[in-house]
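Examining the three-dimensional arrangement
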Amino acid sequence: MAMEYRRCEGKALEGVAEAKDLCREGMRCAIGKKFEKGELLDIKVHLNDNDGPVFLRGEVAWTKEPPHDDDHEYLTGLSFRQINRSDKMR
């Protein structure tokens, strides 16, 4: 699933990434930059349904370095800190 993200204190969109695993409490995603544990991100996830995107705030729980030198995406785990209750149940 496609997602957009920015740091909470930032105004501009920082990038687009791929959400790999999504559950009610968090998600794993592939992001083209490294974030530190504890950083907060504002995120918009485009689900594969017709109900529109989900807006949430996530906290970086962990980051893994790219597995290969030619791979520029960091696997990143995010814990949801703020998400609409109805969106959480989708």
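Throughout what follows, the structure given in this document is the object of discussion. (Residues numbered from 1 in each chain as written. Predicted model: local features only at pLDDT ≥ 70, side-chain atom pairs only at ≥ 80, totals over all residues. Heavy atoms only, no water.)

1. Examining the overall build of the protein chain
Secondary structure summary: the protein chain contains one helix and six strands in total. Going residue by residue from the N terminus, the α and β elements of the protein chain occur as β-β-β-β-β-β-α. In terms of overall dimensions, the protein chain is globule-like: its C-alpha atoms have a radius of gyration of 13 Å, near the 12 Å expected for 90 residues. With the C-alpha coordinates aligned to their principal axes, the bounding extent of the protein chain is approximately 40 × 25 × 25 Å. In the protein chain, the share of contacts with a sequence separation of at least 24, taken over all contacts with a separation of at least 6, comes to 50%. Carbon and sulfur atoms make up 46% of the accessible area of the protein chain, which amounts to about 5700 Å² in all. The averaged location of the 18 negative side-chain charges in the protein chain is 6 Å from the averaged location of its 16 positive side-chain charges. (Helix = DSSP H or I, 4+ residues; strand = E, 2+ residues; numbered from the N terminus. Rg over C-alpha atoms; globule rule 2.2 N^0.38 Å. Contact = heavy atoms within 4.5 Å. Areas by Shrake-Rupley, 256 points an atom, 1.4 Å probe, with all protein chains shown as cover. Lys, Arg positive; Asp, Glu negative; His and termini not counted. Charge placed at Lys NZ, Arg CZ, Asp CG, Glu CD.)

2. Some points on the environment of Ala-2
Assignment of secondary structure puts Ala-2 in strand E1 (residues 2–7). On the basis of relative accessible area, Ala-2 is assigned to the partly exposed category, the value being 34%. Considered as a pair, Ala-2 and Trp-62 are 60 residues apart in the sequence and their alpha carbons are 20 Å apart. (Buried < 20%, exposed > 50% of the residue type's maximum accessible area, 1.4 Å probe, protein only.)

3. Brief notes about the sheet that holds strand E2 (residues 15–22)
If you trace the six strands once around the closed barrel, you get E1-E2-E3-E6-E5-E4, paired in antiparallel fashion. Within the sheet, the average angular offset between the axes of one strand and its neighbour, ignoring direction, is 45°. Pairing geometry for strand E4 (residues 40–45) and strand E5 (residues 54–64), over six bridges, is antiparallel. Bridging across to E5, Lys-44 finds its partner in Phe-55. (Pairing = 2+ DSSP bridges. Axes fitted to C-alpha atoms, helices over the stretch in contact; angles between N-to-C directions.)

4. Some thoughts on the side chain of Asp-42
By the secondary structure assignment, Asp-42 is in strand E4. Asp-42 sits in the buried class, given a relative accessible area of 16%. Among the polar contacts made by the side chain of Asp-42, one reaches the side chain of Arg-57 at a distance of 2.9 Å. Look past the residues within four positions of Asp-42 in its chain and what remains in contact with it is Glu-4, Tyr-5, Arg-6, Cys-8, Leu-56 and Arg-57. (Polar contact = N/O pair within 3.5 Å; in protein donor to acceptor, adjacent residues only side chain to side chain.)

5. Regarding the pairing of strand E3 (residues 26–31)
Of all six residues in E3, five are buried, a share of seventy percent or more. Bridge analysis of E2 against E3 gives four bridges, and the strand direction is antiparallel. When the bridges of E3 are listed, Glu-18 appears paired with Ala-30. The hairpin turn running from E2 into E3, its antiparallel successor, is three residues long.

That is the geometry; function is a separate question.
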